[in-house]
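Per-entry structural report
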Amino acid sequence: MLYLTRKVGEAVVINDEIEVTVIEVRGKTVRLGLTFPTDATVLRREVYDRVQAENRAALGLDIAGQTGAPEDVPAFVTRGPAPDEAG
């Protein structure tokens, strides 16, 4: 994991297309602004984890006690069509 220190108004750029800007810091809460391509999927971690668990259950995978990484579920389950499949 990469740790960075940024002040309000400062940003980081990821893969030339995703920008994360610190908007506000209030106590232990940080407000971030994100600029990203319209085809990107962005979820809060707790929502992402819940979707992954539901996908595993729908696929009939045993999720009891499973601590696998997100790559355990095929990308097609949570992502839209590949660029060459988009209309």
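The structure presented is a predicted model; accordingly, all values stated were derived computationally and were not measured.

A closer look at unusual backbone geometry
One non-glycine residue, Asn-15, lies in the positive phi region at around 50°. Note on placement: Asn-15 falls in the loop between β1 (11–14) and β2 (18–26). We note that Asp-16 has phi near 60°; this positive angle belongs to a residue other than glycine. By the secondary structure assignment, Asp-16 is in the loop between β1 and β2.

Topic: a nonpolar patch on the surface
The grouping of Val-8, Val-25, Val-30 and Leu-32 at the surface amounts to a nonpolar patch, some 350 Å² of accessible area in total. Mapped onto the fold, Leu-32 is located in strand β3 (residues 29–35).

Reading the values: rules and limits
- The residue numbering used here restarts from 1 in each chain and proceeds along that chain's sequence as written.
- Local features in a predicted model are, by the rule used here, given only for residues with pLDDT of at least 70; side-chain atom pairs are given and counted only at 80 or more, and totals for whole chains, interfaces and linings are based on all residues.
- Note that the side-chain values use all heavy atoms of the structure and ignore hydrogens as well as water.
- Strands here mean DSSP runs of E at least two residues long; helices mean DSSP runs of H or I at least four residues long; both are numbered from the N terminus.
- Patches here are clusters of residues that have more than 30% relative accessible area and form no salt bridge, with a 9 Å joining cutoff for like charges and a 5 Å cutoff for nonpolar side chains (Val, Leu, Ile, Met, Phe, Trp, Tyr).
- Per-residue and other accessible areas follow the Shrake-Rupley method at a 1.4 Å probe size, with only the shown protein chains counted as cover for residues.
- By definition here, a salt bridge exists when the distance from a side-chain nitrogen of Lys or Arg to a carboxyl oxygen of Asp or Glu is within 4 Å.

Scope: geometric values only; no functional claims are made or implied.
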